Amino acid sequence: MRSGPTQGEKSGSGFDLRLLPRFIKYLHQPRNFYLRNGGISSILGEVGRRQGPPVRQIQHDTAVPAGREEQKIWEGMNEPMSASREKKKRQELTPGSTVDPKAAREAEARADARKTNILYGTLGVLFVALAVFLVVYNSGILERNKTAVTIGGESYSVAQASYYYHSAYQNFINSQNGYYAMAFGMLDTNTPLKDQSYDDTQTWDDYFKSVAVENMQFVHAAKKAAQEAGVTLGEEEMEAFNNTVDSLKESAKSNGYGYKAYVGAVYGSTVTPSIYEDCLKDYLLANKFATDHYAELSYTDDEIGTYYSENKNSYDLVDGILVTLSGTPEAKTDADGNAVAATDEEKAEAMKQAKETAEEILAAYKDGKDIEPMATEAEAGYSESAEMTYTDSLYGNWFFDESRKTGDAEVLENESGSSYYVVIFNGRERDEALEYNVRHVLVSAESLELGEGEEATEELLTAKAQEILDTWDGTEEGFAKLAEENSKDPGSVDNGGLYEDVPKGRMVAAFQDWCYESGRKTGDTGIVYDSSTGAHIMYFVGYGDTPYWYYACETELFNAAYSKWQSEMTNSVTAEVKGGMNAIG
């Protein structure tokens, strides 16, 4: 994710602000009207007031406003003339009179000077006005207060919509879906979103705008409901607000930006710190109201049991064996190395051989033989597990059929006609894996003193973990202290490395597998390694009381109810996109 605009980044108009001083200087040549030490701020104060040449330095180095010295010269011409001067003036300018060539040239020069001053003065004002327009336009002031969308009859500006648009974008690219979208080339963060297709009907820009509007609808409705219910931001929410703002300010500082400039860089040039903070407070209030609603949801054991009975396949595990035999003919090529398609006869023969082998393996199983070696010899896929989960497939539906009994075994032909399966059913039960409590110390690259170019390998990390564990005093309190002093996990370091009521599926595989290892008991310690996180020094506290199937069913009921409420809240107000939305993105 970008932390700020790159050097030379253009504004929404496409004009590079770095070129503005050079652009103004070019326009003002050859006289550089108004562009003095005060820069643009001086221009703003002088438009419409100065019509003379640039500032000059006169005696005592006292700066005299441009035009002041000339003003004194011209003032002399407005003084009452003597008779002799008046006569001379008439001789100089009256047709038919005797004209002094020198005086004529001087008069002509004065006239040209007046014309030049008027011309350059007019051009100076025009160029200054253009420069001011560019500064104002690129600052987002002209777009900031335009209406981007109306929700429930209330107008939201371009700046407000820009906050939600960029928030939606940042949330996505930092999510797992965003990671996959970028990894598989579906989204390129270096290419304008308007130039990339999200699907057949919209661009990524369209998508993020639609998400922004939907989020704005929810926040609008939830905020209004919260206000009507007398819900306000409490200490916890204000702490979150202050922490978020402080974090953004710190990011701005570390990236060489001021707070205001960084807010504009992250959320769009029209977004000011005050607009950002107002939007953040609206979000926090809506979130508090939503969180309070979620906390009020509750279900009885009977309701959870009924839900489980209606959705057993999603929460049960099957103990079984699956052998997969390919019925696809061996690939062939011609003399030039080109693939040659199999004939119908070859396909039929391959399926026939796969079926015969499957039947031989099934017969061996029924005779009490170990069939894994047979599967290996036949180059078949072999899978044996006590925790098979449901898949909507030929063998998945066979395993999870309600009529299935222990000892059932059968050969199945794949619907596509490309393989045979040997399926063996040993039993089925609810997923009774209990939630658990555990402490850990995360040892990552930050824990090591690496030399230049040296990598944090598994060997180095596990060795460091063992070094830390060797200092443990053998008590849970001692382990908690060990975590507080050494762990690089921000989620648990301040809590002695403790995670409580952890359900199955929450942690990385190596971490979870250790906790569910047969015979695991309170006080057990160990070290496991995960390539994405590092080495974990484990201390097992104990199992909880809630089995996974119950937790998963209850969570699904909560989420379904909350999603329904959120959708109803969002759709309770109507959104109408306005022209200002085009200024975003």
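So, how was this worked out
Think of each chain on its own: its residues are numbered from 1, step by step along the sequence as written. Reporting in this predicted model follows two pLDDT cut-offs: at least 70 for local features of residues, and 80 or more for side-chain atom pairs to be given and counted; totals over whole chains, interfaces and linings ignore these cut-offs and use all residues. To get the side-chain values, take all heavy atoms of the structure and skip hydrogens and water. Here, a strand pair is defined by DSSP locating no fewer than two bridges between the strands. Strands here mean DSSP runs of E at least two residues long; helices mean DSSP runs of H or I at least four residues long; both are numbered from the N terminus. Comment: axis = line fitted to C-alpha atoms, over the contacting stretch for helices; angle = value between 0 and 180 degrees taken between N-to-C directions. Exposed residues in this analysis have more than 50% of their type's maximum accessible area, buried residues have under 20%, and partly exposed residues fall in between, with area computed by a 1.4 Å probe over protein chains only. Two residues form a contact once any of their heavy atoms are found within 4.5 Å. Whenever two N or O atoms come within 3.5 Å, that pair is a polar contact, provided that in protein one can donate a hydrogen and the other can accept it, and provided that, for residues adjacent in sequence, both atoms are side-chain atoms. Like charges within 9 Å and nonpolar side chains (Val, Leu, Ile, Met, Phe, Trp, Tyr) within 5 Å are joined into patches, using only residues over 30% in relative accessible area that form no salt bridge. For accessible areas, the Shrake-Rupley method is used with a probe of radius 1.4 Å. Any residue's cover is judged against the shown protein chains and nothing else. Any carboxyl oxygen of Asp or Glu within 4 Å of a side-chain nitrogen of Lys or Arg constitutes a salt bridge here. Using a grid of 1 Å spacing that covers the protein atoms alone, one calls a set of points a cavity when a 1.4 Å probe fits there but cannot get out, and a pocket when the set is open and has protein on both sides within 12 Å along at least five of seven lines; lining residues are those with an atom within 4 Å of a point. Grid points are joined across faces, edges and corners, and a volume is the space filled by probe spheres set on the points. Note on residue categories: nonpolar means Ala, Val, Leu, Ile, Met, Phe, Trp, Tyr, Cys or Pro, charged means Asp, Glu, Lys or Arg, and polar means any other residue, Gly included.

Novice: Can you explain the sheet that holds strand S9 (residues 409-413)? Please cite residues and give values.
Specialist: Taking strand neighbours across the sheet as the criterion, the 4 strands line up as S8-S5-S10-S9 in an open arrangement whose pairing is antiparallel. With one partner strand each, in any of the chains shown, strand S8 (381-388) and S9 form the two edges of the open sheet. Each neighbouring strand pair of the sheet contributes to a mean axis angle of 20°, computed without reference to strand direction. Here S9 pairs with strand S10 (residues 419-430) via 5 bridges, running antiparallel. Along S10, the bridge assignment pairs Glu 413 with Tyr 420.

Novice: How would you summarise the environment of Asn 486 if you had to cite specific residues and measurements?
Specialist: Position of Asn 486 relative to the elements: it lies in helix H19 (residues 476-486). What makes Asn 486 partly exposed here is its relative accessible area of 23%. Counting along the chain gives 43 residues from Asn 486 to Val 443, while the straight-line C-alpha distance between them is 7.6 Å. Apart from residues lying up to four places away in sequence, Asn 486 is in contact with Val 441, Leu 442, Ser 447 and Ile 468. For Asn 486, the side chain forms a polar contact with the main-chain oxygen of Leu 482, separated by 2.9 Å.

Novice: Go over a nonpolar patch on the surface with me, naming the residues and quoting the values.
Specialist: A contiguous nonpolar surface patch, about 510 Å² in accessible area, is contributed by Tyr 179, Tyr 180, Phe 184 and Met 186. Residue position: Met 186 is located in the loop between helix H8 (176-183) and helix H9 (204-228). The exposure class of Met 186 is partly exposed, given its relative accessible area of 48%.

Novice: Mind laying out the layout of surface pockets, listing which residues take part and the relevant values?
Specialist: What the second largest pocket holds in volume is close to 630 Å³. Contributing to the lining of the second largest pocket are 25 residues, with Tyr 163, Ser 167, Asn 171, Asn 215 and Tyr 283 lying nearest its centre. Per-element tally for the lining of the second largest pocket: the top contributor is helix H12 (residues 273-296), with 7 residues. Along the lines of polarity and charge, the residues of the lining of the second largest pocket split into 15 nonpolar, 9 polar and 1 charged.

Novice: Quick rundown of unusual backbone geometry? Include the residues and the values.
Specialist: At Glu 379, a position not held by glycine, the phi torsion is positive, near 55°. Relative to the helices and strands, Glu 379 is located in the loop between helix H16 (372-377) and S8. Within the chain, Asp 501 stands out as a residue other than glycine whose phi angle is a positive 50°. By the element assignment, Asp 501 lies in strand S12 (residues 498-502).

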